[in-house]
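Structural overview
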Amino acid sequence: MSRPQQVAAPPGSIDELNKIVIDYLNKKGYTRTEAVLRLEANRNAGGALGEAKGSAAWLDGTPEAYEHAYKSLSDWVDASLNIYRDEMRKLLFPIFVHCFLDLVGKEHVDAAKRFFQSGLGDHEVLHGYDIRQLSAVTLPTHLEENDMAKLYRTNKYRLALSRSTFDLMLNFLFEHEAEGGSIIMRLVNQYVEIIAMSGRPSRETSALEGIQGHAEVQTDEVNSEPVKLGAMNLDKDMQMDVEIELADEDVKLGLTTDTLFDSFTKSRADSGEGPGRETLPMPPYKTLDVMKEVEGIKDARKRISLGVAAGASLPSVCMYTFHNTHDNLCCIDIASDESMMVGGFGESYIRAWALKDKSHGRDLPFERSTKRLIGHSGPVYGATFSPDNRYVLSGSEDKTARLWSLDTQSCLVAYRGHNAPIWDVSFSPFGHYFATASHDMTARLWSCDHIYPLRVFAGHLSDVDVVQFHPNSTYVLTGSSDKTCRLWDLSRGQSVRVFTGCSAPVTSCAVSPNGRLVAAGADNGTIELWDIASGRRMKTMKGHAKSPVYSLTFSQENSVLVSGGADATVRVWDVKKLNNQPLVLSGGAHADAGGASIGAGLATNGDSKPAGPTGGTTNGPTGTLNVNAAPAAASAERKKELEQTSDHMLCLRTKQTPVYRVHFTKRNLCLAVSASTTAAPPVGV
């Protein structure tokens, strides 16, 4: 494509002087200064990029010119260094939209359709709502009738770019001015507002970006999708077997009123409308599944009532502390029946501990001892048990998820599909399916009998850091560094809820046992609570200061939330209480009132045996009630004024050990796991 004829500047004019200075800067290698001077010179000459070039054709273009300009920009972005690529990609969508709208406005209808279809796949995942609305624009008159087209034409699309990325973009546009750069510059100048930020390029999306108020419109449409949050309907044969087992138990216990059978019937009725069994293909049920349902009903009758209601109490917390981890413990999980723990370490291995002799009625392969599982080639950032506690699933920096057998203590299969480190893994409550969260900004659904992913959940704008299954197993909850959480429908592979409002990257998330509430902990210490049915945020809970919240768990009756974080505390929150006004407390004097601490220690030293609270070797982890425990010495940070919301019920402090995991048992005992940052003292000290 030939460059339009330019009008020569008269000798001694401002344009001639600018040209001399620009040539000098280019010769000396001052590329950034040259780019800025070019931009300012063009603005001063015509008030817009390139108006003084002598011909309107410099800013205009044929359909081929638009296609070539966008393709050149896209190819340049893809060929950029990784550190800049993510930021530069944010520019492609608004340029794509306005190239398309320009072609429609110039009555190049067929070319506009061809251009739209060619670039559709690059933006449909992240901007699906906008793409669907713009697909209806086919005639010039639609630019004034289509709400989405009018929104983009009358509002500037804001982008936050680092200074270095901005300079690189300017250099590229000026160097390729005759090959489509002029078209891109006009669109940027007219429809895009670029905010140059100091610092290094970032993968995170700023709250300043996009068209103001537009994100809320998209979120409202997604959150209007119908969802079924009740318990999944049981297989008819399985339900019959459960009812027979419960009837037999009632006879053994001599119960004639308020029987186990009645409790089971009531629990199924109270769960609300749930998805049908056909929604998610499942393998045939096993005897263990029936036993778990029966045990769940028994545990529910022995459950402690928690909360602030009459007869309720605050939760008891049993703390396990790991010693000698040398800051290598990356993740920890507790089995559903509290019979085992598993941890992932920075030295590329997994270690499992037996806390009991049996799990679901069968003997554990390593009674009251520990086993190391080796196979990953990078730090293990996620590890979890299968529902039957026979397998362990792990995710690592080596981009693989691995399934381990605890019976043979070996790796059964490695699942490959992510192209970046895996941050978290989660098993479905019914087994068979599991989900992974990754640095590649996607979460993926897998089944144990397939080595490739069944679903790819793409839509987050940054790392997907945490992933959890909904209790009915038909939805997956993800939390991301883009400060949002999303609920995904497994059968359709689409996002059905977008939870916004977090003021920092999401570091933990949890779904209530009744499947109706979502809680998310953030990197700045706040906890957000949403109602799933409406997608609306209910409240923000504050109390962890500015420390990340590592773990969240709901009590079995959904009334209490427990959190653990980097501030070395376990905190208890009232879910049902609205916190209209924050309470400002100083010095943390409130925190330790009324709290007895329960502690247990685990060691990961050379002999691989659990250690008691004093570091001495024992047969297994033991719990001790420390009624005389004094609060840890207040640091300078703790003496600062703390802000806590009125729904904060209790704070239990550890001895400067970050809390990595909190977990409610079926009977509402809370287990917590922390890791000591110092070595355990020698025996006898």
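Residues numbered from 1 in each chain as written. Predicted model: local features only at pLDDT ≥ 70, side-chain atom pairs only at ≥ 80, totals over all residues. Heavy atoms only, no water.

Counting its secondary structure elements, the protein contains 15 helices and 35 strands. Within the span of the protein, comprising 685 residues, buried residues form 50% of the whole. Sequence-distant contacts in the protein: of pairs separated by 6 or more residues, those separated by 24 or more amount to 58%. (Helix = DSSP H or I, 4+ residues; strand = E, 2+ residues; numbered from the N terminus. Buried < 20%, exposed > 50% of the residue type's maximum accessible area, 1.4 Å probe, protein only. Contact = heavy atoms within 4.5 Å.)

Moving on, we come to the sheet that holds strand 28 (residues 569-574). A sheet is described by the order of its strands in space; here four strands give the open sequence 26-27-28-33, paired in antiparallel fashion. With one partner strand each, in any of the chains shown, strand 26 (549-554) and strand 33 (648-653) form the two edges of the open sheet. Direction aside, neighbouring strands of the sheet carry axes that sit 20° apart on average. Alignment of strand 26 against strand 27 (residues 560-565), held across five bridges, turns out to be antiparallel. By the bridge assignment for strand 27, Leu552 is matched with Ser563. (Pairing = 2+ DSSP bridges. Axes fitted to C-alpha atoms, helices over the stretch in contact; angles between N-to-C directions.)

Compared with the 18 Å implied by 1.5 Å per residue over 13 residues, the 18 Å span of helix 10 (residues 163-175) between its first and last C-alpha is a close match. In terms of burial, helix 10 is largely enclosed, as ten of its 13 residues are buried. For helix 10, the complete set of buried residues consists of Ser164, Thr165, Phe166, Asp167, Met169, Leu170, Asn171, Phe172, Leu173 and Phe174. (Expected span 1.5 Å × (residues − 1).)

Let's shift gears to the confidence of the model for the protein. When pLDDT drops low, the exact placement of atoms in the prediction is not to be read closely. Overall, the prediction assigns the protein a mean pLDDT of 80, with 81% of residues at 70 or greater. Below pLDDT 50 for its whole length, residues 1-9 participates in 14 contacts with residues either more than four positions away or in separate chains. Note on residues 586-641: pLDDT is under 50 here. Beyond four places in sequence and across chains, it has 105 contacts. (pLDDT = per-residue confidence, 0-100.)

Looking now at the side chain of Glu249. Inspection of the secondary structure puts Glu249 in helix 13 (residues 236-253). Within polar-contact distance, the side chain of Glu249 engages the side chain of Lys298 at 3.2 Å. Beyond its immediate stretch of four places on either side in the chain, Glu249 contacts Leu260, Val294 and Lys298. (Polar contact = N/O pair within 3.5 Å; in protein donor to acceptor, adjacent residues only side chain to side chain.)

To summarise the sheet geometry, strands pair through backbone hydrogen bonds and adopt either a parallel or an antiparallel arrangement. The strand order across the open sheet built from four strands is 14-15-16-17, with neighbouring strands paired in antiparallel fashion. This sheet does not close on itself; its edge strands, each paired only once, are strand 14 (422-427) and strand 17 (455-458). Across the sheet, the mean angle from the axis of one strand to that of its neighbour is 20°, orientation sign disregarded. In this sheet, strand 15 (residues 433-438) lies alongside strand 14 in antiparallel orientation, the contact comprising five bridges. Considered in strand 15, the bridge of Ser426 is made with Ala435.

Right, let's talk about the pairing of strand 24 (residues 527-531) for a bit. Where burial is concerned, most of strand 24 is hidden: four out of the five residues are buried. Here strand 23 (residues 517-522) pairs with strand 24 via five bridges, running antiparallel. Looking across to strand 24, one finds that Val518 is bridged to Trp530. Where strand 23 folds back onto strand 24 in an antiparallel hairpin, the turn is made up of four residues, including Gly525, whose phi is positive at roughly 95°. Pairing of strand 24 with strand 25 (residues 537-541) involves four bridges; the strand directions are antiparallel. Bridging from a neighbouring strand, Leu529 pairs with Lys539 of strand 25. The hairpin turn running from strand 24 into strand 25, its antiparallel successor, is five residues long, and Gly535 in that turn takes a positive phi close to 75°.

Here we take up the packing of helix 3 (residues 63-78) against helix 6 (residues 109-123). Contact geometry of helix 3 with helix 6 gives a least axis separation of 10 Å together with a crossing angle of 10°. Taken together, the axes of helix 3 and helix 6 lie roughly parallel to each other. Within the contact between the two elements, helix 3 uses Pro63, Tyr66, Glu67 and Tyr70 and helix 6 uses Ala111, Arg114, Phe115, Asp122 and His123. (Parallel < 35°, antiparallel > 145°, perpendicular 65-115°, else oblique.)

Residue placement: Asp398 occurs in the loop between strand 11 (391-396) and strand 12 (400-405). Arg402 provides the closest opposite charge to the buried, unpaired Asp398, separated from it by 4.5 Å. Within polar-contact distance, the side chain of Asp398 engages the side chain of His376 at 3.1 Å. Not counting the four nearest positions on each side in its chain, Asp398 is found in contact with His376, Ser377 and Gly378. (Lys, Arg positive; Asp, Glu negative; His and termini not counted. Salt bridge = Lys/Arg side-chain N within 4 Å of Asp/Glu carboxyl O.)

The next subject is empty space enclosed by the protein. A full pass over the atoms with the stated rule returns one cavity of 30 Å³ or more. Around the largest cavity, the lining residues are Trp76, Met88, Leu91, Leu161, Thr165 and Met169. Class assignment of the residues belonging to the lining of the largest cavity gives a composition of five nonpolar, one polar and no charged. (1 Å grid on protein atoms, 1.4 Å probe; cavity = no way out; pocket = protein on both sides within 12 Å on 5 of 7 lines; lining within 4 Å. Points joined across faces, edges and corners; volume = space filled by probe spheres on them. Nonpolar A, V, L, I, M, F, W, Y, C, P; charged D, E, K, R; others polar.)

Right, let's get into the pairing of strand 10 (residues 380-385). Burial within strand 10 is extensive, with five of its six residues counted as buried. Linking strand 10 to strand 11, which pair antiparallel, is a turn of five residues; within it Asn389 sits at a positive phi near 60°.

Attention now moves to the packing of aromatic side chains. Inspection of the entire model under this criterion finds 20 aromatic pairs. Seen in terms of ring centroids, Trp76 and Phe172 are 4.5 Å apart; in terms of plane orientation they differ by 15°. Their pairing is stacked. Residue Trp76 is found in helix 3, and its partner Phe172 is found in helix 10; the two are separated by 96 residues along the sequence. (Phe/Tyr/Trp six-rings, centres within 6.5 Å; stacked < 30°, edge-to-face > 60°.)

Running from N to C, helix 5 (residues 92-105) and helix 6 cross one another at 165°; their axes reach a closest spacing of 9 Å. By the angle class used here, helix 5 and helix 6 are roughly antiparallel. For the pair helix 5 and helix 6, the crossing hand works out as left-handed. Here Leu92, Phe93, Phe96, Cys99, Phe100, Leu103 and Val104 of helix 5 lie close against helix 6, whose contacting residues are Ala111, Ala112, Phe115, Phe116, Gly119, Leu120 and His123. (Left-handed = near helix turned anticlockwise from the far one by under 90°.)

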